[in-house]
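Each chain, letter by letter, is given below.
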Amino acid sequence: MLAIRNAGIHAERWSGIRPVIFLLAFSSLLAGCSARSQARNQRYHLVGKIVSVDTAQGILLVDHQAIPGFMDAMTMPYPVPDTAALAPLGAGDEITADVVVTATGGHLENIVVTKKGAADATPAPARMHEPQPGDRVPDFTLTNQDGKKIRLSSFRGHVLLVTFIYTRCPFPNYCPLVSRDFAQIYAATRSAMIPNAPSSGIRLLSVSLDPRHDTPAVLRTYAATFRQITGENPFDRWEFATAPPEELKKMADFFGLYFNRENGVIVHSMSTSVISPQGEIYKWYSDNDWSPADLIADAAKASAPQVRTTGN
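Note that the coordinates shown come from a computational prediction; the quantities given were computed from them, not determined experimentally. (Residues numbered from 1 in each chain as written. Predicted model: local features only at pLDDT ≥ 70, side-chain atom pairs only at ≥ 80, totals over all residues. Heavy atoms only, no water.)

## Focus on the overall build of the protein
Filter applied, for reference: Helix numbering and strand numbering both begin at the N terminus, where a helix is a DSSP run of H or I of at least 4 residues and a strand a DSSP run of E of at least 2. When checking whether two residues touch, look at their non-hydrogen atoms; a contact exists if any pair is within 4.5 Å. Per-residue accessibility takes into account occlusion by the displayed protein chains alone, with areas from the Shrake-Rupley method and a 1.4 Å probe.
Scanning the protein from N- to C-terminus turns up six helices and 15 strands. Within the protein, contacts between residues separated by at least 24 positions form 68% of all contacts whose residues are at least 6 apart in sequence. Per element, the accessible surface of the protein, about 13500 Å² overall, is 51% carbon and sulfur.

Have a look at this one:
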């Protein structure tokens with residue numbers, strides 16, 4: 001779902017997925033945005049063309065021009081709290097609007113159609129595979145923050161938490177929040193092992209979808225930003241990794257992740273999985289609406305022999 005945690009903005013699946021979609025410009029993306037994101041109710045002028053309208057869920061997908069002082073040109077889904085304003089809109093409409101940025105996210109207001117377009121909406125993403133409890137996880141190969149090749153099979157015998165991020169994500173309640181939550185999980189389990197599995201503690205894996213930028217060195221630097229939570233060296237139990245595009249595509253397909261690179265832009269949904277010591281899916285989250293305590297509890301249950309859950 002398009003979820004801004006604790007902000008009350010939710011959207012159901014687009015064609016079977018519940019994406020929190022992020023878009024990454026290939027070049028300079030929102031320089032200095034992290035500082036601006038702390039300010040409340042800043043407004044920016046948007047000029048763009050509507051790609052698709054989700055009236056029921058209050059979401060506009062807009063291909064917009066660069067927004068001076070805020071972000072580069074990109075295609076971006078925006079919540080529209082006033083869903084009545086969506087009724088006259090259609091794919092291909094050229095619009096102007098205000099992007100309202102708060103500490104918890106952003107939305108559109110004051111939408112004005114400057115030119116009506118043909119109803120040629122971009123097809124919604126096809127239904128994605130949804131990992132099910134008991135699914136065997138393929139043995140994907142990645143490169144970690146040390147430049148070392150790792151395989152998912154190397155985590156067998158441990159409960160593995162896997163999520164997908166990119167280091168330049170500018171939205172504090174999306175990738176940075178998931179990474180901060182992983183850091184909290186690491187810290188909370190630093191000296192404790194999972195009950196009933198004394199040889200198996202939790203392992204964490206954050207997979208970047210931006211291998212062109214997120215080199216091993218960049219991943220190490222990114223990990224260092226969480227040292228106040230994790231301490232000096234999280235790499236004993238928390239790996240940061242990426243993979244070539246073909247392997248990332250295979251991982252995305254398996255982990256129910258909408259993932260596409262087009263014209264220098266990355267589009268992806270969210271996906272976090274709890275994998276049992278036997279290498280099987282225990283639980284899968286298609287959003288970021290979970291807490292560190294939730295995943296720690298899942299991990300404890302996943303470590304117990306032959307325990308299954310029925311959904312998220």
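There is more to say, and it comes next.
## Structural notes on the packing of helix α2 (residues 175–188) against helix α6 (residues 292–302)
Our working rule: For helices, the fitted axis covers only the stretch in contact; all axes are lines through C-alpha atoms, and the angles between them, taken along N-to-C directions, range from 0 to 180 degrees. With respect to orientation, any angle under 35 degrees is reported as roughly parallel, any angle over 145 as roughly antiparallel, any angle of 65 to 115 as roughly perpendicular, and every other angle as oblique. For any pair of crossing helices, the crossing counts as left-handed if the nearer helix is rotated counterclockwise from the farther one by less than a right angle, and right-handed if it is rotated clockwise.
Axis separation between α2 and α6 bottoms out at 9 Å; the angle between their running directions is 55°. Comparing the axis directions of α2 and α6 gives the class oblique. When the axes of α2 and α6 are compared, the crossing they make is right-handed. Two secondary-structure elements touch here, α2 through D181, F182, Q184, I185 and A188 and α6 through P292, L295 and I296.

## Describing the confidence of the model for the protein
Test applied: Confidence of the predictor at the level of single residues is given by pLDDT, which spans 0 to 100.
Put simply, the protein has an average pLDDT of 78, and 74% of its residues get 70 or more. Here residues 120–125 scores under 50 on pLDDT; set against residues more than four positions off or in separate chains, the count is ten contacts.

## Things to note about the pattern of salt bridges
Spelled out, the test is: A carboxyl oxygen of Asp or Glu within 4 Å of a side-chain nitrogen of Lys or Arg is what we treat as a salt bridge. Here the term buried applies to any residue with accessible area under 20% of the maximum for its type, exposed to any over 50%, and partly exposed to those in between, with areas from a 1.4 Å probe on protein chains only.
For the coordinates displayed, the defined rule picks out nine salt bridges. Taking the shortest distance from any N to any O, the salt bridge between D210 and R168 comes out at 3.2 Å. Of this pair, D210 sits in the loop between β10 (202–208) and α3 (216–224) while R168 sits in the loop between β9 (159–165) and α2, and the two are 42 residues apart along the sequence. The salt bridge involving K283 is made with D298; its shortest N-O contact spans 3.9 Å. A residue pair is termed long-range when its members are at least 10 positions apart, and K283 in strand β15 (residues 281–285) and D298 in helix α6 qualify at 15 residues. The same class applies to K283 and to D298, which are both buried. The network of salt bridges with shared partners includes R43, D98 and E109.

## Re the sheet that holds β10
Basically, it comes down to this: The pairing criterion is simple: DSSP has to find at least two bridges between the two strands.
Read from one edge of the open sheet, seven strands run β8-β7-β11-β10-β9-β14-β15, paired in mixed fashion. Each edge of the open sheet is held by one strand with a lone partner, namely β8 (149–151) and β15. Neighbour-to-neighbour, the strand axes of this sheet turn through a mean angle of 30°, independent of strand direction. Relative to β10, β9 runs parallel, the two sharing seven bridges. Each bridged residue has a counterpart across the sheet, and for I165 the counterpart in β10 is S208. Seen against the sheet, helix α5 (residues 245–254) touches β7 (141–144), β9, β10, β11 (238–242) and β15 and runs at an angle of roughly 120° to β10. Across the sheet, α6 lies against β9, β10, β14 (272–275) and β15, angled at about 160° from β15, the strand it touches most.

## Some thoughts on unusual backbone geometry
Trans is the prevailing form of peptide bonds, just as negative phi is the prevailing case for residues other than glycine. Backbone geometry places N110, a non-glycine residue, at a positive phi of 55°. Examined against the element boundaries, N110 turns out to sit in strand β6 (residues 105–115).

## Looking at the nonpolar core
The condition is simple: Here, nonpolar core means buried Ala, Val, Leu, Ile, Met, Phe, Trp, Tyr and Cys residues that are tied together by side-chain atoms lying within 4.5 Å of each other.
L161, F182, I185, L204, W238 and L295 are the most contacted members of the largest nonpolar core, which has 29 residues in total. For this core, the secondary structure elements donating two or more residues are β9, α2, β10, α3, β11, β15 and α6. Residue contributions to this core peak at six residues, all from α2. Residue contacts for L161: discarding those within four places in its chain leaves F182, I185, I202, R203, L204, L205, S273, V274 and L295.

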